[in-house]
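Structural overview
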Amino acid sequence: MDYQRMNPFRVGIIGGGIAGATVAMHLAEQGLNVTLFEAGESLVNGPPVCHLHAGGNLYREISDEQCLTLLEQSVATLRQFPHCANVRPTVIAVPVSDPGSPDALAPRLALLEQAYAELIAKDPSNKVMGEAKDYYRFYTRPEMEALQRRQRVEVPQQPDDWMIPFAQTIDLDKLKFPIVLVQEYGLSVFRMASTAELLLAEAPRADVQLNTKVIGLHEQEDSWQVETNKGTQTVDFIINACGYQTGTIDNMIGAARDRMVEYKAAFVSHWPAGSGYWPEIIIHGERGTPQGMAQFTPYADGYFQLHGMTEDITLFKTGLVSSSRSDAQPRLAQGFEEKIAHRWPPSEQRERTERAITHFGQYMPSFNSAEYAGQPLCGAQQIPGDDPTLRAADISFEGKRYARAEIVKASSALTVAEALLSHLKSSSLLMHTNPVALPQPDAKKVEERAMALAMDRGYPASLAKVYSA
């Protein structure tokens, strides 16, 4: 008897965030039967996502190995989800108040440029961030002063075009030189959500069950019984993709796991004077200090998402918690759980947004006229292990039929899907696949649905619009 034909292998995915939705899409494209259990009303409704982390250049403290992993994962993500990218570069600068040197960035950037060139040589389809030779460029102070005298370009095409608005508004006296422009693109969480929703709706073997909370998990000899608020179902393999709540599912099966959870928030501002095209801007700083990194992420119609890596803005004094010997789930304080559920005190929303504006405004004085523009983008981020600087992580296994998606950054999600498929084959759980052609949703439909999702979640529709010159 052909077991595969008579009893089709089914993967159950708990959690429809970026990891769970990406795994579901990838497995559905391979012809597998997938059931996705999501407790919420829609997919990909988690922590704020604003860029790929293509090379990890935003983080000086992480290893070169992590950076190379993030680069490769980001290239794969752009190939898989072309409609989700905001194609604009990122400026990275070191302030004079920081002990670091901008020259320290050069060896890593050269390493990443070479790695990107090798990926393109291996497969020309990997050229998703422009030419390798244009991956980054340094700017001296005289070059920046020359750009100050240039007329702003309405639709930027060249690196200099993107640098003009930065050069004309930033306080050059507060920065060390050189300054770098790198092809680190934006990533739209709302367009990722709409892509997942539209694509999975067309996948014949994908069963997406929204408003379905898993309340029990029971291992059988060669399957799992999944108990939900709507009944019990049977699947052959479980992938735990519950994000910061991954430990709650581990607890159901008695699986120990060291992990941390960190609550973070990004803030939405509106600066009508800043309409037009901007690069993302990162001003490095020591995390957790009053001069922590300042991040300025542009969106359409003069909206900007802001991070300030200080305890008064993006970070929180008790926002980083760890698992224990008796509990695989790190426990956030109730106040953070309420914030994740979008129950922020209105005064705190406004206060932290205004602090974020002031924090970035110290480098770009004209930005101090920006205004609070609504509720924060917030959520909790899981970090497997005990290293809070870890940024490149993907999957771990517990036995033969249970896996955890442990991504820290969105670009790692596709790696989880590929590693899972490899595990299923190497474990002889899956003898073969029958790929199904699932066409990418139309770009306009993706954007329209993303805008509707943004508004449904209480955010400006502008955050979901395509931001690409």
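Each remark here, short or long, concerns the structure printed above.
The present account deals with the structure reproduced in this document. (Residues numbered from 1 in each chain as written. Predicted model: local features only at pLDDT ≥ 70, side-chain atom pairs only at ≥ 80, totals over all residues. Heavy atoms only, no water.)

1. A closer look at the overall build of the chain
- From N to C terminus, the chain includes 12 helices and 21 strands.
- A compact globule built from 469 residues should have a C-alpha radius of gyration of about 23 Å, and the chain, at 22 Å, falls within 12% of that.
- Taken along its principal axes, the extent of the C-alpha atoms in the chain is 75 × 50 × 40 Å.
- Buried positions account for 57% of the 469 residues belonging to the chain.
- Counting contacts in the chain only where the partners sit at least 6 residues apart, residues at least 24 apart contribute 73% of the total.
- For the chain, the computed accessible surface area is about 18800 Å², with 48% contributed by carbon and sulfur atoms.
- Across the chain, the mean location of the 43 positive side-chain charges is 1 Å away from that of the 56 negative side-chain charges. (Helix = DSSP H or I, 4+ residues; strand = E, 2+ residues; numbered from the N terminus. Rg over C-alpha atoms; globule rule 2.2 N^0.38 Å. Buried < 20%, exposed > 50% of the residue type's maximum accessible area, 1.4 Å probe, protein only. Contact = heavy atoms within 4.5 Å. Areas by Shrake-Rupley, 256 points an atom, 1.4 Å probe, with all protein chains shown as cover. Lys, Arg positive; Asp, Glu negative; His and termini not counted. Charge placed at Lys NZ, Arg CZ, Asp CG, Glu CD.)

2. Structural notes on the pairing of strand S10 (residues 224-228)
- Residue alternation in S10 divides its side chains into a buried set, Trp224, Val226 and Thr228, and an unburied set, Gln225 and Glu227.
- In this structure, strand S9 (residues 214-219) lies alongside S10, joined through 5 bridges in antiparallel fashion. The residue of S10 that forms the bridge with Glu219 is Trp224.
- Linking S9 to S10, which pair antiparallel, is a turn of 4 residues.
- As defined by bridge partners, S10 adjoins strand S11 (residues 231-235) across 5 bridges and the pair is classed as antiparallel. Bridge pairing in S11 links Gln225 to Thr234.
- Once S10 ends, the chain turns through 2 residues before running back antiparallel as S11. (Pairing = 2+ DSSP bridges.)

3. Some details on unusual backbone geometry
- Residue Pro178 follows Phe177 across a cis peptide bond; omega there is 5°.
- Considering the arrangement of structural elements, one finds Pro178 in the loop between helix H6 (159-169) and strand S6 (179-182).
- In the Ramachandran plot, Asn211 falls in the positive-phi region, its phi being about 55° despite a non-glycine side chain.

4. Points about the pairing of strand S1 (residues 10-14)
- In terms of burial, S1 is a largely internal element, 4 of the 5 residues being buried.
- Examined bridge by bridge, S1 and strand S2 (residues 33-37) share 5 bridges and lie parallel to one another. Each bridged residue has a counterpart across the sheet, and for Ile13 the counterpart in S2 is Leu36.
- With respect to chirality, the unit in which S1 leads through helix H2 (residues 18-29) into the neighbouring parallel S2 is right-handed. (Right-handed = clockwise from strand over helix to strand, strands pointing away.)

5. Some words on the pattern of salt bridges
- Applying the stated criterion across every chain yields a total of 25 salt bridges.
- Note that Arg137 is salt-bridged to Asp160, the shortest N-O span being 2.9 Å. Remark: Asp160 occurs in helix H6 and Arg137 occurs in strand S5 (residues 136-139); sequence separation between them is 23 residues.
- Arg137 sits in the partly exposed class, given a relative accessible area of 31%.
- Where Glu348 meets Lys339, a salt bridge forms, and the shortest distance between an N and an O atom there is 3.2 Å.
- In this structure, a network of salt bridges that share partners links the residues Asp250, Arg257, Arg259, Glu398, Arg404 and Glu406. (Salt bridge = Lys/Arg side-chain N within 4 Å of Asp/Glu carboxyl O.)

6. Digging into the packing of H2 against helix H7 (residues 189-202)
- In the contact formed by H2 and H7, the axes pass within 10 Å of each other and the chain directions differ by 35°. Between H2 and H7 lies a crossing whose hand is left-handed. Here H2 contributes Ile18, Ala21, Ala24, Met25 and Glu29 to the contact with H7, which in turn contributes Met192, Thr195, Ala196, Leu199 and Leu200.
- Among the residues making up the contact of H2 with H7, the classes are represented as 8 nonpolar, 1 polar and 1 charged. (Axes fitted to C-alpha atoms, helices over the stretch in contact; angles between N-to-C directions. Left-handed = near helix turned anticlockwise from the far one by under 90°. Nonpolar A, V, L, I, M, F, W, Y, C, P; charged D, E, K, R; others polar.)

7. Some remarks on the packing of aromatic side chains
- For the structure on display, the rule yields 21 aromatic pairs.
- Ring centres 5.1 Å apart and planes at 85° place the aromatic pair Trp271 and Phe367 in the edge-to-face group. In this pair, Trp271 is assigned in the loop between strand S13 (259-270) and strand S14 (280-283) and Phe367 in the loop between helix H10 (346-361) and strand S18 (371-372), connecting sequence segments 96 residues apart.
- Measuring from ring centre to ring centre gives 6.2 Å for Phe316 and Trp344, while their planes differ by 70°; the resulting arrangement is edge-to-face. Of this pair, Phe316 sits in the loop between strand S16 (303-308) and strand S17 (320-322) while Trp344 sits in the loop between helix H9 (334-340) and H10, and the two are 28 residues apart along the sequence. Trp344 shares its class with Phe316; the two are buried. (Phe/Tyr/Trp six-rings, centres within 6.5 Å; stacked < 30°, edge-to-face > 60°.)

8. What about the environment of Leu175?
- Relative to the helices and strands, Leu175 is located in the loop between H6 and S6.
- A residue is classified by how much of its surface remains accessible, and Leu175, at 4% relative accessible area, is buried.
- The spacing of Leu175 and Asp98 is 77 residues in sequence and 9.2 Å in space, taken between C-alpha atoms.
- Setting aside anything within four residues of it in sequence, one finds Leu175 in contact with Ala93, Val94, Pro95, Val96, Phe166, Ile170, Ile283 and Tyr363.

9. Quick notes on the packing of H2 against helix H11 (residues 413-426)
- Two elements in contact, H2 and H11, have axes whose closest approach is 8 Å; the angle formed by their N-to-C orientations is 50°. The angle between the axes of H2 and H11 places the two elements in the oblique class. Classified by chirality, the crossing of H11 by H2 is right-handed. Contacts between H2 and H11 pair Ile18, Ala19, Thr22, Val23, His26 and Leu27 from the former with Ala413, Leu414, Val416, Ala417, Glu418, Leu420 and Leu421 from the latter.
- Among the residues forming the contact of H2 with H11, the class breakdown is 10 nonpolar, 2 polar and 1 charged. (Parallel < 35°, antiparallel > 145°, perpendicular 65-115°, else oblique.)

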